[in-house]
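Geometric and topological summary
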Amino acid sequence: KAISKYPAVYQISASIKLQTEILTDYLLEKKKDERIVILHDEKEKGLSLYGKYLFNTAGKEVSVFQVNNTKVDSIRKFFTEQQNIMLLSSNKAFISKILASAGSIDSISTVFAFESVKGFDNLDITNLMELDVHILNSRSVDYSKNYDLRFLKLFELEYKTNVRKYTKVAYDIIMHFCGAQDVFKFKRFSNGYYENTNAFIYQYIDYQVLKIE
């Protein structure tokens, strides 16, 4: 917050507000005629209201529920036979419990969540696939791109090991600002700084996290 007022600041990871906007746009494009539910924790009450506003502006009514108790019997009332769930939370414990409870309810759900979910190593992959979990992702290696494949090959050749958590992000920053590669797409916000909007929807399929074309 202290530096966001400066136009020389570039934020690489998408804020949760921007992630909410991207997920909303996707749901409006792909799922507008289906039931959409926003579930959120106490911390993201304001963000849920913003999400509801975005849907209302596009003429779509959505149901919004704050989840205070993540046990199955407590959240069952939010579910019908079928729904798309927009899960607004970055809390690891909250998300883990919600997904586990939702997976045990006799209902068909598709879950849309923030990018942070990809870094949670305690989640059951089978549960993620059963709930057809979609996540926003701005920092993964895209194996369909020659740019990414060249990076992996060169890194392994040079260092004789696999890339680490932030290696690809660091490489992308160098290539974007010092090289000749347009890796990011930045949007300037009214308070001064730039934020990367180049994020995509990924889906858990066959025990993998794959980009949706």
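See the structure shown above.
Overview of the structure. (Residues numbered from 1 in each chain as written. Predicted model: local features only at pLDDT ≥ 70, side-chain atom pairs only at ≥ 80, totals over all residues. Heavy atoms only, no water.)

1. With respect to the packing of helix 6 (residues 146–159) against helix 7 (residues 167–178)
Geometrically, a packed helix pair is captured by the angle between its two axes and the distance between the axes. Quick note on the threshold: An axis is simply a line fitted to the C-alpha atoms; with a helix, the fit covers only the stretch in contact. Between two such axes, the angle follows the N-to-C directions and lies from 0 to 180 degrees. The secondary structure listing takes helices from DSSP runs of H or I that are at least 4 residues long and strands from runs of E that are at least 2 residues long, numbered from the N terminus. Working rule for handedness: look at the near helix, and if it is turned counterclockwise from the far one by less than a right angle, call the crossing left-handed; if clockwise, right-handed. A contact between two residues is defined here by any heavy atoms of the two lying within 4.5 Å. Polar here means any residue other than Ala, Val, Leu, Ile, Met, Phe, Trp, Tyr, Cys and Pro, which are nonpolar, and Asp, Glu, Lys and Arg, which are charged; Gly is therefore polar.
It is the contact of helix 6 with helix 7, at a shortest axis distance of 12 Å, that shows an interaxial angle of 115 degrees. For the pair helix 6 and helix 7, the crossing hand works out as right-handed. Packed against helix 6, whose contacting residues are Tyr147, Asp148, Phe151 and Phe155, the element helix 7 presents Thr167, Lys168, Tyr171, Asp172 and Met175 at the interface. Residues that form the contact of helix 6 with helix 7 fall into these classes: five nonpolar, one polar and three charged.

2. Re the packing of aromatic side chains
What counts here: Pairs were defined over the aromatic rings of Phe, Tyr and Trp, the Trp ring being its six-membered one, requiring ring centres within 6.5 Å. Orientation was assigned from the angle between planes: stacked under 30 degrees, edge-to-face over 60, tilted for the rest. Partly exposed residues are those whose accessible area sits between 20% and 50% of the maximum for their type, while under 20% is buried and over 50% is exposed, using a 1.4 Å probe and protein chains only. The rule is short: NZ of Lys or CZ of Arg within 6 Å of the ring centre and within 35 degrees of the ring normal puts a charge over the ring.
In the structure shown here, the tally under the stated rule is 12 aromatic pairs. Summarising the aromatic geometry, the rings of phenylalanine 184 and phenylalanine 186 are spaced 5.7 Å apart at their centres and angled 55 degrees between planes, so their arrangement reads as tilted. A residue is classified by how much of its surface remains accessible, and phenylalanine 184, at 8% relative accessible area, is buried. For phenylalanine 186, a relative accessible area of 23% puts it in the partly exposed group. Each residue in the set Tyr10, Phe177, Phe184, Phe186 and Tyr194 is aromatic and connected to the rest through ring pairs, giving one cluster. The ring centre of tyrosine 50 lies 5.1 Å from the NZ or CZ of lysine 17, which sits over that ring. Between lysine 211 and the ring centre of phenylalanine 200, over which it is positioned, the NZ or CZ distance is 3.9 Å.

3. Focus: the nonpolar core
Note the threshold: To define a nonpolar core, start from buried Ala, Val, Leu, Ile, Met, Phe, Trp, Tyr and Cys residues and group those joined through side-chain atoms within 4.5 Å.
Core analysis: the biggest nonpolar cluster contains 25 residues, and Leu87, Leu99 and Val133 have the highest contact counts within it. When residues in this core are grouped by element, the largest group, five residues, is from helix 4 (residues 92–103). If you look at the next biggest cluster of nonpolar residues, it comprises 19 residues, including Leu47, Val62, Leu88 and Ile201.

4. Side note on helix 7
The line we're drawing: A helix's residues, less one, multiplied by 1.5 Å, set its expected span.
Here helix 7 spans 16 Å end to end across 12 residues, near enough to the 16 Å set by a 1.5 Å rise per residue. Inspection of helix 7 places Thr167, Lys168, Val169, Asp172 and His176 among the buried residues, and these make up the whole buried set. Buried positions along helix 7 lie against helix 6 and strand 7 (186–188).

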